[in-house]
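Working through the structure, step by step
The lines below spell out each chain.
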Amino acid sequence: MEIKIAVLAGDGIGPEITQQAIKVIDKVCRKTGHKPEYSEGLTGAIAIDKTGNPYPEDTHRLCMESDAVLFGAIGDPRYDNDPKANVRPEKGLLEMRQKLGLYANIRPVTTFGPLLHKSPLRKDIVDGADFLAVRELTGGIYFGRPQGRSEDGNTAYDTCVYHRFEIERICTLALNFAMKRRRKLTMVDKANVLATSRLWREVMQELAPSYPEVEVEYMFVDNAAMQIIQWPRRFDVIVTENMFGDILTDEASVITGSLGMLPSASIGVHTSVFEPIHGSYPQAAGRNIANPVATVLSAAMMFEHAFDCEEGGRLIRNAVEASLEAGVVTGDIDDTAPASTSEVGDWLAGWIEKS
Ligand code: IPM
Ligand code: MG
């Protein structure tokens, strides 16, 4: 089967990490009988430099015509300390999510045996943690209008808006994920303060009775932030709104030992996007030192979610496990004898070829 993959490498380490994922995808496709075809699209700061737009129309068309999008990273320090910049790389990502209707961001948080000693948490706390965070991705305060400044410039405002249908579709998705896992769902909100959170609770309370096997609990976001580091094993599926999900999934990602390990899938109405959860790591750009594993594992999610190919996902995950056991890892994991970005990619691709 032919599969069309749009590659949006983006900024910083984006090009080098997506390159490793492509090597791995190629090898998997030989085993699974897929024929991959890759097309590159511009996004992020590099797209601003070349076209003035962080998510150009051509890129959007390419995404719409593809079966899946492999995304690297966006962000550039030139913009981070310039609050007056008219256009920012991050706007490209938000626009892509909105135009592709990617209302759900799925971030599996799992630990890796050989990395447990790298976790900032004690081994007995983090060992065995395995949960799925489902973040709403196209609503809430990141998209709500009005947003802006008063005329005198001394007041700024963002608006958090959620409509019932947006909450219904993400909660339904999370309930279905819970059915396929340990059947426990934690909805994270701030219903003691926010009107949007109270609507979320109302909607979940309407939906939950149709899933009698799923145990649904509700947790305030401040409490959830604590429990993720005190007792991460207690979670199975977490569902939450856009900004809470943004923050909590970053927190969750570091407990596994390296930010460079965790993948994500953004799914919804049109083509799904698969991207590592880390950022563009500009200090490492072009140096062949960044960890490509989060992007490679995003390709595993691509096989499962976009191509309905469990075998492809399994092959990639097994290759990653094997590389950790063999100690073929980048400097974020072991700085005594680190492998380079491309060495890790080559090793993983070679392992899949031989398996
Ligand atoms: C993420 C990123 C983005 C977000 C930024 C770059 C806009 O941090 O995917 O979590 O916060 O949504
Ligand atoms: Mg984020």
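About the criteria used
Residues numbered from 1 in each chain as written. Chains lettered and ligands numbered in written order. Predicted model: local features only at pLDDT ≥ 70, side-chain atom pairs only at ≥ 80, totals over all residues. Heavy atoms only, no water. Pairing = 2+ DSSP bridges. Helix = DSSP H or I, 4+ residues; strand = E, 2+ residues; numbered from the N terminus. Domains from an automatic or database assignment. Contact = heavy atoms within 4.5 Å. Buried area = accessible area lost by both parts, 1.4 Å probe. Salt bridge = Lys/Arg side-chain N within 4 Å of Asp/Glu carboxyl O. Polar contact = N/O pair within 3.5 Å; in protein donor to acceptor, adjacent residues only side chain to side chain. Nonpolar A, V, L, I, M, F, W, Y, C, P; charged D, E, K, R; others polar. Core = buried A, V, L, I, M, F, W, Y, C linked by side-chain atoms within 4.5 Å. Buried < 20%, exposed > 50% of the residue type's maximum accessible area, 1.4 Å probe, protein only. Axes fitted to C-alpha atoms, helices over the stretch in contact; angles between N-to-C directions. Near = heavy atom within 4 Å. Areas by Shrake-Rupley, 256 points an atom, 1.4 Å probe, with all protein chains shown as cover.

1. Quick word on the pairing of strand β2 (residues 35-40)
Bridge count for strand β1 (residues 2-10) against β2 is 6 bridges, and the pairing is parallel. Bridge pairing in β2 places Ile-5 opposite Tyr-38.

2. Brief notes about the domain arrangement of the chain
We note that the domain assignment places domain 1 (1-106 + 262-355) and domain 2 (120-256) within the chain. The distance between the C-alpha centroids of domain 1 and domain 2 comes to 24 Å. Listed per partner, the contact involves 13 residues of domain 1 and 17 residues of domain 2. Summed over both partners, the interface of domain 1 with domain 2 comes to about 1,300 Å²; 71% of that surface belongs to carbon and sulfur atoms. Sorting the residues of domain 1 by area buried against domain 2 places Tyr-103, Asn-105 and Ile-106 first, and these three jointly supply 45% of that buried surface. Across the domain 1-domain 2 interface, the total number found is 0 salt bridges. At the surface where domain 1 touches domain 2, the tally comes to 2 residue pairs in polar contact (both at pLDDT 80 or more). Breaking the side of domain 1 that touches domain 2 down by element, the ones donating at least two residues are α5 (89-99), β4 (104-110) and β11 (263-267). Of the residues in the side of domain 1 that touches domain 2, the class split is 8 nonpolar, 4 polar and 1 charged.

3. What to know about the nonpolar core
One finds Ile-106, Val-134, Leu-185, Val-239, Met-261 and Ile-316 to be the most contacted residues of the largest nonpolar core, which totals 76 residues. The greatest single-element share of this core, amounting to 8 residues, is contributed by helix α11 (residues 293-305). When residues of this core are sorted by domain, at least three fall in each of domain 1 (1-106 + 262-355) and domain 2 (120-256). Apart from the residues lying within four places of it in its own chain, the contact partners of Met-261 are Phe-112, Leu-115, Asn-291, Val-293, Ala-294, Leu-297, Val-320, Leu-324 and Ile-333. Counting residues in hydrophobic clusters, the runner-up holds 13 residues, among them Tyr-55, Ile-74, Leu-102 and Val-273.

4. Quick word on unusual backbone geometry
With an omega of 5 degrees, the peptide bond running from Arg-145 to Pro-146 counts as cis. Tracing the backbone shows Pro-146 in the loop between β5 (130-136) and β6 (148-149). Phi is positive for Tyr-281, which is not a glycine, with a value near 40 degrees. The residue Tyr-281 is located in the loop between β12 (273-276) and α11 in this model. A relative accessible area of 42% places Tyr-281 in the partly exposed class. In this structure, Asn-288 is a non-glycine residue whose phi angle is positive, near 60 degrees. By the element assignment, Asn-288 lies in the loop between β12 and α11. A relative accessible area of 28% means that Asn-288 is categorised as partly exposed.

5. Examining the sheet that holds strand β9 (residues 215-220)
Taken in spatial order, the 10 strands of this open sheet run β2-β1-β3-β12-β11-β4-β5-β10-β8-β9, and their pairing is mixed. Taken across any chain shown, the strands that pair with only one partner, and hence form the sheet edges, are β2 and β9. Pairs of neighbouring strands in the sheet enclose a mean axial angle of 25 degrees, with direction left out of account. Across 5 bridges, β1 lies against strand β3 (residues 68-73) in parallel orientation. Across the sheet, Leu-8 pairs through a bridge with Phe-71, a residue of β3. Contacts from helix α7 (residues 164-180) reach β4, β5, β8 (184-189), β9, β10 (237-240) and β11 within the one sheet, and its direction differs from that of β5 by about 165 degrees. Most of the contacts of helix α9 (residues 221-230) go to β9, to which it runs at about 105 degrees, and overall it touches β5, β8, β9 and β10.

6. Thoughts on the site of ligand 1
Neighbouring ligand 1 are the residues Glu-90, Leu-93, Arg-97, Arg-107, Arg-135, Tyr-142 and Asp-246. Taking Arg-107, its side chain carries an N or O atom lying 3.1 Å from an oxygen atom of ligand 1. Residue Asp-246 places a side-chain N or O atom 2.8 Å away from an oxygen atom belonging to ligand 1. When ligand 1 is considered free in solution it has 320 Å² of accessible area, and contact with the protein chains removes 77% of it. When residues of the shell around ligand 1 are assigned to their parent elements, the largest contribution, 3 residues, is made by α5. Of the residues that constitute the shell around ligand 1, the class distribution is 2 nonpolar, no polar and 5 charged. Residues lining the shell around ligand 1 come from more than one domain, with at least three contributed by each of domain 1 (1-106 + 262-355) and domain 2 (120-256).

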